Amino acid sequence: MPHSFINLFGSADSMRMRLMLLGGGNALGQALIRLGAEEDIAFLAPRPPEDGWAPASLTQLLDDHRPDALVNLAYYFDWFQAESVSEQRLAQQERAVERLAELCQHHQITLVQPSSYRVFDGSRATAYSEKDEPVPLGLRGQALWRIEQSVRAACPQHVLLRFGWLLDESIDGALGRFLTRAEQPQELLLADDRRGNPTPVDDAARVILSVLKQLDCSAPLWGTYHYAGNEATTPLALGQAILTEAGQHRQLAVQAPTAQAHAARPDASEEPQHAVLACKKILHTFGIKPRAWRAGLPPLLDRFYRHG
């Protein structure tokens, strides 16, 4: 039965558009459902097939349900939290998103698609704006850049949201791996000459919801936008802030991270050294102001230790 894997969260009273969310089970999807429920905004959140979304299952899904807008977080973990992702897996995801964009255009569905600072090579020391030309370094950045291009080509009715360093409470995500290592007495090496914008997952969900609410008012604000938490910082300073906050919950073996040069880091060939995003366009277009990432750490770590 095509409807057997559909869950409906919230009630749809405050939103005219019918919203579909792919990836409702991951940390960003959960945050979006949580925030939506507080405002009586509903998401149709289909469970993915056993082997993940593929062109055929996406075709069936959208033929059956035809939402007005679709938020695609189906590959959130691989794109934003996984330590590495295979080339084959990324290629499958590229094909699926390409098909999804074609289906959205065919059914006149607005597609909200996340992307990342990883589309830039990190060679410029000033903040990247939406006008800067992407030159991705690693496999993930290259795949995301191709995905962006296929969405733009296939589905003009799109909003591409490039996020900064996303932090969530998943045990196997970037934050979880860091805190797990901090429980063992060892040197925790972090770059002190790499810069970016930490962005708690709740803040990213707030931005997606704000965009959807304005699209619901029939504002055709299609295009690419940057969003990242306020105050650019280094992984070293971010790590120290996380350890200080985590110390409120648990006695950790490591009290402070150790500085290491970007060039000496094992991921230097694929992680941009300068990944600061300029967020003026989303402020001027949607009125979305960046929030301080430091204010988002206490609730994030509270959830991490409560769930862990």
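Provided above is the structure to which this section pertains.
Residues numbered from 1 in each chain as written. Predicted model: local features only at pLDDT ≥ 70, side-chain atom pairs only at ≥ 80, totals over all residues. Heavy atoms only, no water.

Q: Please explain the overall build of the protein as it appears in this structure.
A: Counting its secondary structure elements, the protein contains 10 helices and 11 strands. The C-alpha atoms of the protein give 19 Å as radius of gyration, which agrees with the globular expectation for 308 residues (19 Å, within 12%). Overall, the C-alpha framework of the protein stretches about 55 × 40 × 40 Å when taken along its three principal axes. Put simply, the protein has 308 residues, and 54% of those count as buried. The long-range fraction of contacts in the protein, counting pairs at least 24 apart against all pairs at least 6 apart in sequence, stands at 84%. Per element, the accessible surface of the protein, about 13,500 Å² overall, is 50% carbon and sulfur. Positive and negative side-chain charges of the protein, numbering 30 and 36 respectively, have mean locations separated by a distance of 3 Å. (Helix = DSSP H or I, 4+ residues; strand = E, 2+ residues; numbered from the N terminus. Rg over C-alpha atoms; globule rule 2.2 N^0.38 Å. Buried < 20%, exposed > 50% of the residue type's maximum accessible area, 1.4 Å probe, protein only. Contact = heavy atoms within 4.5 Å. Areas by Shrake-Rupley, 256 points an atom, 1.4 Å probe, with all protein chains shown as cover. Lys, Arg positive; Asp, Glu negative; His and termini not counted. Charge placed at Lys NZ, Arg CZ, Asp CG, Glu CD.)

Q: Looking at this model, I keep getting lost on the packing of aromatic side chains. Mind explaining?
A: By convention here, two paired aromatic rings are described through the distance between centres and the angle between planes. Counted according to the given criterion, the structure contains five aromatic pairs. Centroid distance phenylalanine 120 to tyrosine 128: 4.2 Å. Interplanar angle 15°. Geometry classified as stacked. This pair shows no difference in class: phenylalanine 120 is buried, exactly as tyrosine 128 is. Residue placement shows arginine 124 over the ring face of tyrosine 128; its charged tip is 5.7 Å from the ring centre. Sitting over the ring of tyrosine 225, lysine 281 keeps its end group 4.6 Å from the ring centre. (Phe/Tyr/Trp six-rings, centres within 6.5 Å; stacked < 30°, edge-to-face > 60°. Lys NZ or Arg CZ within 6 Å of the ring centre and 35° of its normal.)

Q: Mind showing me how you'd approach the packing of helix α2 (residues 55-65) against helix α4 (residues 87-106) here?
A: Geometry of a packed helix pair, given as the angle between the helix axes and the separation of the axes. Put simply, α2 and α4 touch, their axes get as near as 9 Å, and they point 25° apart. When the axis of α2 is compared with that of α4, the two are roughly parallel. Of the two elements, α2 crosses α4, and the hand of that crossing is right-handed. Residues Pro55, Leu58, Thr59 and Leu62 of α2 lie in contact with α4, whose contacting residues are Arg95, Ala96, Arg99, Leu100, Leu103 and Cys104. Of the residues assigned to the contact of α2 with α4, the class counts are seven nonpolar, one polar and two charged. (Axes fitted to C-alpha atoms, helices over the stretch in contact; angles between N-to-C directions. Parallel < 35°, antiparallel > 145°, perpendicular 65-115°, else oblique. Left-handed = near helix turned anticlockwise from the far one by under 90°. Nonpolar A, V, L, I, M, F, W, Y, C, P; charged D, E, K, R; others polar.)

Q: Is there a simple way to explain the nonpolar core in this structure?
A: Grouped together as the largest cluster of nonpolar side chains are 92 residues, with contacts concentrated most on Leu32, Leu161, Leu179, Ile208, Leu212 and Ile282. Among the elements that take part in this core, helix α7 (residues 201-216) stands out by supplying nine residues, more than any other. The contact partners of isoleucine 282, leaving out residues within four places of it in the chain, are Leu161, Val207, Tyr225, His226, Tyr227, Gly287 and Ile288. (Core = buried A, V, L, I, M, F, W, Y, C linked by side-chain atoms within 4.5 Å.)

Q: It is not clear to me how the pairing of strand β2 (residues 19-22) should be interpreted in this structure. Could you clarify?
A: Across a regular strand the side chains alternate sides, sitting on one face of the sheet and then on the other. The alternating pattern of β2 places Leu19 and Leu21 on one face and Met20 and Leu22 on the opposite face, and all of these are buried. Of the pairings in the sheet, the one linking β2 to strand β4 (residues 69-72) comprises four bridges and is parallel in character. Along β4, the bridge assignment pairs leucine 22 with asparagine 72. (Pairing = 2+ DSSP bridges.)

Q: Can you walk me through the pattern of salt bridges in this structure?
A: Think of it this way: side chains of opposite charge can pair up when their charged atoms draw near. Under the criterion given, the structure shown has 17 salt bridges. The shortest N-O distance in the salt bridge between arginine 303 and glutamate 169 comes to 3.0 Å. Highlighted residues: arginine 303 in helix α10 (residues 293-307) and glutamate 169 in the loop between β7 (165-167) and α6 (174-181), separated in sequence by 134 residues. Residues arginine 303 and glutamate 169 agree in their burial class; the two are buried. Across the pair arginine 250 and glutamate 183 runs a salt bridge whose closest N-O atoms are separated by 2.9 Å. Of this pair, arginine 250 sits in the loop between α8 (235-246) and β11 (258-260) while glutamate 183 sits in the loop between α6 and β8 (189-191), and the two are 67 residues apart along the sequence. On the accessibility criterion, arginine 250 (36% relative accessible area) is partly exposed. Sharing partners across several salt bridges, the network here consists of Arg34, Glu169, Asp202 and Arg303. (Salt bridge = Lys/Arg side-chain N within 4 Å of Asp/Glu carboxyl O.)

Q: Can you help me understand the environment of alanine 45 in this one?
A: Mapped onto the fold, alanine 45 is located in strand β3 (residues 43-46). When the C-alpha atoms of alanine 45 and leucine 62 are compared, they prove to be 12 Å apart, with 17 residues separating the residues in sequence.

Q: I would appreciate a short explanation of helix α1 (residues 27-38) in the present structure.
A: Every α-helical turn comprises 3.6 residues, leaving residues that sit three or four positions apart pointing alike. Taking 1.5 Å per residue as the helical rise, α1 with its 12 residues ought to reach 16 Å, and the 17 Å between its terminal C-alpha atoms agrees with that figure. Residues of α1 that are buried include every one of Ala27, Leu28, Gly29, Ala31, Leu32, Ile33 and Gly36, and no others. One side-chain oxygen of the residue at the start of α1 lies 3.2 Å from the amide nitrogen of leucine 28, identifying that residue as asparagine 26. Just past α1, the residue aspartate 40 takes up positive phi, approximately 55°. (Expected span 1.5 Å × (residues − 1). Polar contact = N/O pair within 3.5 Å; in protein donor to acceptor, adjacent residues only side chain to side chain.)

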